[in-house]
Amino acid sequence: MKVAVVGATGVVGAALLQILQERELPIERVAAFASSEKPEGVSFNGTTLPVHAVSAERLAEFDAVFFASGEDQSATYAPAIAKRGGIVIDNSATFRLQPDVPLVVPEINGETIEAHHRIFPVANCTAIVLCVALAPVREHAGLRAVQVATYQSVSGAGRAGLQELADGEAAVVGEYPEPRPAVFGAPIVRNVVPFVGTAAHDGYTSEETKVREETRKILNQPELRIAVTAVRVPVRYAHSEAVFFETEGTTSVAELSRAFETAAGVAYHAEGIVTPREVEGQDQVHVARLRAQDDSGTRFAMWVVGDQVRKGAATNGVQILELLLKRGWAGAAK
Ligand SMILES: NC(=O)c1ccc[n+]([C@@H]2O[C@H](COP(=O)([O-])OP(=O)(O)OC[C@H]3O[C@@H](n4cnc5c(N)ncnc54)[C@H](OP(=O)(O)O)[C@@H]3O)[C@@H](O)[C@H]2O)c1
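Attention here is on the structure that accompanies the text. (Residues numbered from 1 in each chain as written. Predicted model: local features only at pLDDT ≥ 70, side-chain atom pairs only at ≥ 80, totals over all residues.)

Observations regarding the sheet that holds strand β11 (residues 266-268)
Taken together, six strands build an open sheet; the order of strands is β9-β8-β10-β13-β12-β11 and the sheet is mixed. The open sheet has two edge strands, β9 (225-229) and β11, and neither has a second partner. Between one strand axis and the next, the sheet turns through 25 degrees on average, direction left out of account. Sheet topology note: the strand β12 (residues 285-292)/strand β13 (residues 299-306) ladder contains five bridges and is antiparallel. (Pairing = 2+ DSSP bridges. Helix = DSSP H or I, 4+ residues; strand = E, 2+ residues; numbered from the N terminus. Axes fitted to C-alpha atoms, helices over the stretch in contact; angles between N-to-C directions.)

Structure, rendered in structure tokens:
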């Protein structure tokens, strides 16, 4: 199978190359693309891959194409790749909410893939981390309502987000004036910024709307009551979420703990805390500080942390390809 990564010089693209080399997929060739040719290339499996400027012609020979490059490139190139039978795994929001496009988190809803599907959006990173933690709750007791406040790392805004934090930190430590914020709506160093994405018409941000709508689609609960506040924090990698949820049936902390202990993709911490720095580079979603809100038996709270570049983006995309290979729906073109 020949695999292309578009956006290979970015945060998600680099993670995709790393994960493709970590996992044993039947890949004969990996190629890297970006907006323009990069003489320095990118590293893959102990070698340097050349980075080419992306074009429709150059993508034509690949059996599977990962997009980690934004909405425009996915919208431009994905339909033709799908039309010739290639697999598209897309980290942008372009196709996520389209009908008859599955929004797959393999631990939760792999069964939504059908043989004819070719385009596989990877859901919003915050939504993936949230859904991996909510799925065991839904399985065990049903899910009626969710409120979540997020603590999102700067790498969620790509290379530019990481750079803005680094530049701000250098200025604060060096005691010279901080550069004006360009990526985030306010200085991110020694601060939290309660605004992620762009403004939406109803007072929510685009990020908050994505988390709400994509969570409903992944969990197959279009009417789920869910409210989101998305906040950017001066953390490099991994998103954290304070989640308050209400179940359909009555349950207990002990029963929910057992559900988390056996849940796919979840690392459950019965004791202590977990922080984003500890989970950087991991694929599991961590659940800690599970507790009851009151004695109703239906209202609980938990702390959830996951590396959004890995499970929230690159790992989830590679897992989708693995699922397709397992079912015989992806592979080398005949
Ligand atoms: N970062 C996250 O946590 C995260 C999580 C989930 C989803 N995503 C999504 O994943 C995608 C990539 O995000 P990122 O954080 O990795 O961004 P990033 O670090 O800014 O990297 C962007 C990548 O896209 C490439 N690119 C930009 N314009 C291009 C064009 N016209 N043609 C081809 N390639 C182009 C860049 O190449 P150059 O080097 O040539 O500029 C770079 O490789 C976005 O859709 C983002 O929303 C990100």
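Moving on from the model shown.
Some words on the packing of helix α5 (residues 125-141) against helix α8 (residues 253-261)
Contact geometry for α5 and α8: axes closest at 9 Å, N-to-C directions at 125 degrees. In terms of their interaxial angle, α5 and α8 are classed as oblique. The handedness of the crossing between α5 and α8 is right-handed. On α8, the residues that touch Pro136, Val137, Glu139 and His140 of α5 are Glu255, Leu256, Ala259 and Phe260. (Parallel < 35°, antiparallel > 145°, perpendicular 65-115°, else oblique. Left-handed = near helix turned anticlockwise from the far one by under 90°. Contact = placed C-beta atoms within 7 Å.)

Focus on the sheet that holds strand β3 (residues 38-44)
Pairing is mixed across the open sheet formed by seven strands, whose spatial order is β3-β4-β2-β1-β5-β6-β7. The open sheet has two free edges, formed respectively by β3 and β7 (119-121), since each of these has just one partner strand. The average angle at which neighbouring strand axes cross in this sheet is 25 degrees, direction not considered. Across four bridges, strand β1 (residues 2-6) lies against strand β5 (residues 64-67) in parallel orientation. Note that in β5 the partner of valine 3 across the bridge is alanine 64. Across the sheet, helix α3 (residues 71-83) lies against β1, β5, β6 (87-90) and β7, angled at about 160 degrees from β6, the strand it touches most. Those strands touched by helix α10 (residues 310-326) are β5, β6 and β7, and its axis lies near 155 degrees from that of β6.

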